Amino acid sequence: MRIGGIDIGSRYIKHVVLDGSQLAETYKVETGYDPLAQCQELIDATRPDALVATGYGRHLIANGGGIPTVTEIKAAARGARALFPTCRTIIDIGGQDTKVIHVNNEGSVMTFEMNDRCAAGTGKFLEMMARALGFEIDNFGASCENNGYQQAPVTINNLCAVFAESEVISLISKGIRREAIAVALHRSIASRVASLAKRVGVRQDVVFTGGCARNPSLKAMLGERLGQDLLVAPNPDILTAWGAALCAEQSPP
Amino acid sequence: MSNDYTDMWSSLGLNLQAHQGLLGVLSDAYENIYLSQQNRPEGMEYFDFVISEVHGQRIVEIVNKKIEGKPIIGTFCVYVPEELILAVDGVAVGLCAGADVGTDEAEKYLPRTTCALIKAFMGFKLAGLCPYVESCDLIVGETTCDGKKKAYEILNEVTGKVYVMELPSMKNAESKVLWKKEVHKFARKLSEITGIEITLERLKEASSIVNAKRKALQRLSALRSHDPAPISGLDALLINQVSFYDDPARFTSQVNGLCDELEERTKAGTGIAPKGTPRVLISGSPMAIPNWKLHAVVEGSGAVVVGEESCVGERNFSTLFDRNLSSVDETVDAIADRYMTINCACFTPNNERLGDIKNMIEKLHAHGLIHYTLQFCTPYMVEAYRVRQAINGGRFPFLGIETDYSMEDMGQLKTRIEAFIEMIKEGFRS
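Residues numbered from 1 in each chain as written. Chains lettered and ligands numbered in written order. Predicted model: local features only at pLDDT ≥ 70, side-chain atom pairs only at ≥ 80, totals over all residues.

Enquirer: For this particular structure, what's the right way to read the overall build of chain B?
Expert: Within chain B one finds 19 helices and eight strands. For a compact globule of 430 residues, the expected C-alpha radius of gyration is about 22 Å, and chain B comes in at 21 Å, within 12% of that figure. In terms of overall dimensions, chain B has a C-alpha envelope of 65 × 50 × 45 Å along the principal axes. The buried share among the 430 residues of chain B stands at 51%. Contacts spanning at least 24 positions in sequence make up 75% of the contacts within chain B whose residues lie at least 6 apart. (Helix = DSSP H or I, 4+ residues; strand = E, 2+ residues; numbered from the N terminus. Rg over C-alpha atoms; globule rule 2.2 N^0.38 Å. Buried ≥ 20, exposed ≤ 12 C-beta atoms within 10 Å, placed from the backbone. Contact = placed C-beta atoms within 7 Å.)

Now the structure itself:
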């Protein structure tokens, strides 16, 4: 049986198909202005036997097509536990929100926290700042590493995307190197996410997931603040879609 | 609305165009949120009617009372003793404070970082949208939170009708003396504006009306402990909201009629959702009409709300006043004492509230607690920590929500609440 999970995020739609317990296919496309059409195209191509939707846009597809949904919180927890059976804490930084999830020994969600309603400290924030500094988002984290992130001479005080951008611009105009500003931006996000994680309580092992988990600097800084290494899946973007697929397995539609 | 009330609204000084817009929005919201519910009890018809006439028929009644010379007393808080208002033949109305209206007007006077409820009561007044506030002879404020007590100063500049009761911050002997004095002073104020002397007879009669209302609401609350739930949380919330402005005797008889029906339902095992549906208790800041946001999300996500530890809810009716005393002074003292049993987060310490929440969880067989605070409602925001610790040392399913009247956080709110309900369901299995 081929089981699908689809995670309709604010920036990207991620779709996986499992053949048995093996990952058979993965897709990642921009959500764009017509996510329903994007989903339809993906599903038409993969034609899974069962499908569960998750993510910000899950109700869109559910209302249209009678597809069961789970929240991205449950799905992220399922996905993380499937890959890392010992994990108790999941930190998920997505396009527009940041979640910290605590699961018990059996993998059930015990509690979770999300960032406030604005995009401060999320993937979208990183993307905007990368653009302001002229970096490609894929190289943004590496740019800090090259600089040696321990030696950042500046700090960014604002996490509001709008105010932070002004702060960035004012640092640029002072002649600060963009790599140093990049370090400061990453630090400000890491400290924000770490405090959210501490509110939930950090239990070992900690999985870092979501698109931002691809960013090596963020991973290192966050790990440093939490006092432990973070586990990251080879393809962290699709972990939640994977988790959704596993939910389908549990209760076929 | 069936009748044309334009002349009445115009004579009350409402902004007719904006008011028409508000009624349109309200009626759409009511249709979407309320009338779309499944398996509603028949007894809700009365409340549907009341809502459809919220600015119509009820205002006609109030205006007629006013013509008869009866005082219309507006309130914002369950600490204002309703018994005393009824004892001078007054009409007590909880004033409009539950919708995001007149915000631009309100923000001319108030900081943006003011809680939605305060902004709303200022907004309703300033934008000319509330026929209740326009009908009032006296608007009674109270020193519950900093935002309210400072806003009352401004509301008084605008209306010239505000009277503020000083509510202490502690519940020790000295504070109770202060509060008794405040209640006596309020009684004198009511006598002064009406020329009616509050006699023992009047107090007894008024108390029995209020008591009957509270008993009916208690009965409704107790019926919600059944599984399957015989009534939705949305409908029960609505009834609690209506309790603040409907005619008390009529309201009581309607609630009791509804409860008879709900009793039949519990015997037959019928409910608004299947047996075993996750049951959520909501606790925290008040939900003034038409604030149905949280209940709508919770019940739209496959759970049922079984109680509100809230001023629009349990805190309003959990203590009765049925003492039979021999003098007016003693009775007013005892009324003051009755109000001191309300456990609002504006008090320090407020341990009794923690006990109330635990009792409700047990009595109503709740599976999870959602702690609801309006943004910038500091007393409840801070107390959330102690609530979480108090319930099962933090192990009972708990979700803290901080929101306002706007719809901009609906996506996130839905995700959080759905995840919370998933969490409760997983708990069932393990």
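Enquirer: Where do I start with the interface of chain B and chain A in this structure?
Expert: Where interface size is quoted, it is often the accessible area lost as the parts come together. Between chain B and chain A, the residue contacts involve twelve residues of the former and 13 residues of the latter. Across the side of chain B that touches chain A, the residue classes break down as two nonpolar, four polar and six charged. (Nonpolar A, V, L, I, M, F, W, Y, C, P; charged D, E, K, R; others polar.)

Enquirer: Could you clarify how one ought to interpret unusual backbone geometry in this entry?
Expert: Keep in mind that most residues, glycine aside, have a negative phi and that most peptide bonds are trans. In this model, Q204 of chain A is joined to D205 of chain A through a cis peptide bond whose omega is -5 degrees. Checked against the element boundaries, D205 of chain A lands in the loop between helix 7 (178–200) and strand 8 (206–209). Along the chain, D227 of chain B connects to P228 of chain B via a cis peptide bond; the corresponding omega equals 5 degrees. Relative to the helices and strands, P228 of chain B resides in the loop between helix 11 (200–223) and helix 12 (233–242). Its identity as a non-glycine residue notwithstanding, R47 of chain A has a phi of 40 degrees, on the positive side. Structurally, R47 of chain A is set in the loop between helix 1 (35–46) and strand 4 (50–54).

Enquirer: Is there a simple way to explain the sheet that holds strand 6 (residues 98–103) of chain A in this structure?
Expert: Where strands meet in a sheet, backbone hydrogen bonds hold them as pairs that are either parallel or antiparallel. Residues and elements named next belong to chain A. The four strands are arranged 7-6-5-8 in an open sheet whose pairing can be described as mixed. One side of each edge strand has no neighbouring strand; the edge strands of this open sheet are strand 7 (109–114) and strand 8. Within this sheet the neighbouring strands show an average axis-to-axis angle of 15 degrees, counted without direction. As defined by bridge partners, strand 6 adjoins strand 7 across five bridges and the pair is classed as antiparallel. Of the residues in strand 7, the one forming a bridge with V103 is V109. Lying on the sheet, helix 3 (residues 72–83) is in contact with strand 5 (89–93), strand 6, strand 7 and strand 8; it crosses strand 6 at an angle near 60 degrees. (Pairing = 2+ DSSP bridges. Axes fitted to C-alpha atoms, helices over the stretch in contact; angles between N-to-C directions.)

Enquirer: Where do I start with the nonpolar core in this structure?
Expert: What tends to happen in soluble globular proteins is that the nonpolar side chains get buried as a cluster. Counting residues in hydrophobic clusters, the biggest one holds 212 residues, and the most contacted among them are A244 and A245 of chain A together with F121 of chain B. The biggest single contributor to this core is helix 7 of chain A, with ten residues. Split by domain, the residues of this core number at least three in each of domain 1 (1–84 + 237–253) and domain 2 (86–232) of chain A. Setting aside residues up to four positions removed in sequence, A244 of chain A forms contacts with G5, I6, D7, V52, A53, T54, V70 and A75 of chain A. (Core = buried A, V, L, I, M, F, W, Y, C linked by C-beta atoms within 7 Å. Domains from an automatic or database assignment.)

The values are spatial; any link to function lies outside them.
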